[in-house]
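# Secondary and tertiary structure notes
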Amino acid sequence: MEGEPLMTDTSPEPGSVDWAGLREAAREAMGRAYAPYSRYPVGAAALVDDGRVVTGCNVENASYGVGLCAECGLVSALHATGGGRLTAFACVDGRGEALMPCGRCRQLLFEHGGPDLLIDTPEGVWTLDRVLPQAFGPHNLA
């Protein structure tokens, strides 16, 4: 599923996103997570402004503090496959249920998707601006 467009609109409305397809891509990525210590696999998938789908999974390390969240892998995949802006994002836990990104990852998503990035939350689709209000970003460094 990675690399297959779910839609082509560069600024999607929540109803125009194939959320089921995005969640399934996140579940597939979660299945490849490396989580031998926490036994808490996480998968993430996002739609890019050109229609691509990028995914990531968490990768733990015996030195616990240097583990990578699924969102880190997703952003790396974004840039490794051509860059662009994230427009819609879904994250799932080991049961395949919607999972909110941690604070660090919300900041990472803000950098690569901005305040209008659509986030699939346990309470429905929210914008990143609602999930991370008054975010610090590149505009603060200008």
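Now for a look at the structure at hand. Because the structure is a prediction, the values reported are computed rather than measured.

## A look at the overall build of the protein chain
Secondary structure assignment for the protein chain yields 5 helices and 5 strands. Along the protein chain, helices and strands appear, N-terminal first, in the series α-β-β-α-β-α-β-β-α-α. In summary, the protein chain has a C-alpha radius of gyration of 14 Å against a globular reference of 14 Å for 142 residues, a match within 12%. Reported as C-alpha extents along the three principal axes, the dimensions of the protein chain are approximately 40 × 35 × 30 Å. With 142 residues in all, the protein chain has 44% of them scored as buried. For the protein chain, contacts bridging at least 24 residues in sequence account for 60% of all contacts bridging at least 6. Of the roughly 7100 Å² of accessible surface on the protein chain, a fraction of 53% belongs to carbon and sulfur atoms.

## Focus on the side chain of D120
Tracing the backbone shows D120 in strand β4 (residues 118-121). Given a relative accessible area of 5%, D120 falls into the buried group. Only 2.7 Å separates the side chain of D120 from the side chain of R23, close enough to count as a polar contact. When near neighbours in sequence (up to four residues on either side) are disregarded, D120 contacts W19, R23, F89, A90, A98 and V125.

## So, the pairing of strand β3 (residues 86-92)
Counting buried residues along β3, 7 of its 7 residues qualify, which places the element largely inside the surrounding structure. In this structure, β3 lies alongside β4, joined through 2 bridges in parallel fashion. Opposite A88, over in β4, you have L118 as the bridge partner. Note on the crossover from β3 through helix α3 (residues 103-113) to β4: the handedness is right-handed.

## Re the sheet that holds strand β2 (residues 53-57)
In spatial order, the strands read β2-β1-β3-β4-β5; together these 5 strands make up an open sheet with mixed pairing. The open sheet terminates on both sides in strands that have one partner only, identified here as β2 and β5 (124-127). Across the sheet, the mean angle separating the axes of adjacent strands is 20° when strand polarity is ignored.

## Topic: helix α1 (residues 19-30)
The α-helix winds at 3.6 residues per turn, so residues separated by three or four positions along the chain end up facing the same way. In this model, α1 (12 residues) spans 16 Å end to end at C-alpha, consistent with the 16 Å of a helix rising 1.5 Å per residue. Within α1, burial applies to W19, G21, L22, A25, A26, A29 and M30. Where α1 is buried, its residues touch β1 (43-48), β2, β3, β4 and β5.

## Points about the nonpolar core
Grouped together as the largest cluster of nonpolar side chains are 23 residues, with contacts concentrated most on V54, L74, L86, F89 and L128. Put simply, the parts of the chain that give this core at least two residues each are β1, α2 (70-80), β3, α3 and α4 (128-131). By residue number, the principal contributor to this core is α2, which donates 5 residues. Residues contacting L128, with those up to four places away along its chain left out, are R106, L109, F110, G114, P115, L117 and I119. Formed by 13 residues, the second largest nonpolar core is a distinct cluster that contains L22, V53, A90 and L118.

Each value, and the rule that gives it
- Residues numbered from 1 in each chain as written.
- Predicted model: local features only at pLDDT ≥ 70, side-chain atom pairs only at ≥ 80, totals over all residues.
- Heavy atoms only, no water.
- Helix = DSSP H or I, 4+ residues; strand = E, 2+ residues; numbered from the N terminus.
- Rg over C-alpha atoms; globule rule 2.2 N^0.38 Å.
- Buried < 20%, exposed > 50% of the residue type's maximum accessible area, 1.4 Å probe, protein only.
- Contact = heavy atoms within 4.5 Å.
- Areas by Shrake-Rupley, 256 points an atom, 1.4 Å probe, with all protein chains shown as cover.
- Polar contact = N/O pair within 3.5 Å; in protein donor to acceptor, adjacent residues only side chain to side chain.
- Pairing = 2+ DSSP bridges.
- Right-handed = clockwise from strand over helix to strand, strands pointing away.
- Axes fitted to C-alpha atoms, helices over the stretch in contact; angles between N-to-C directions.
- Expected span 1.5 Å × (residues − 1).
- Core = buried A, V, L, I, M, F, W, Y, C linked by side-chain atoms within 4.5 Å.

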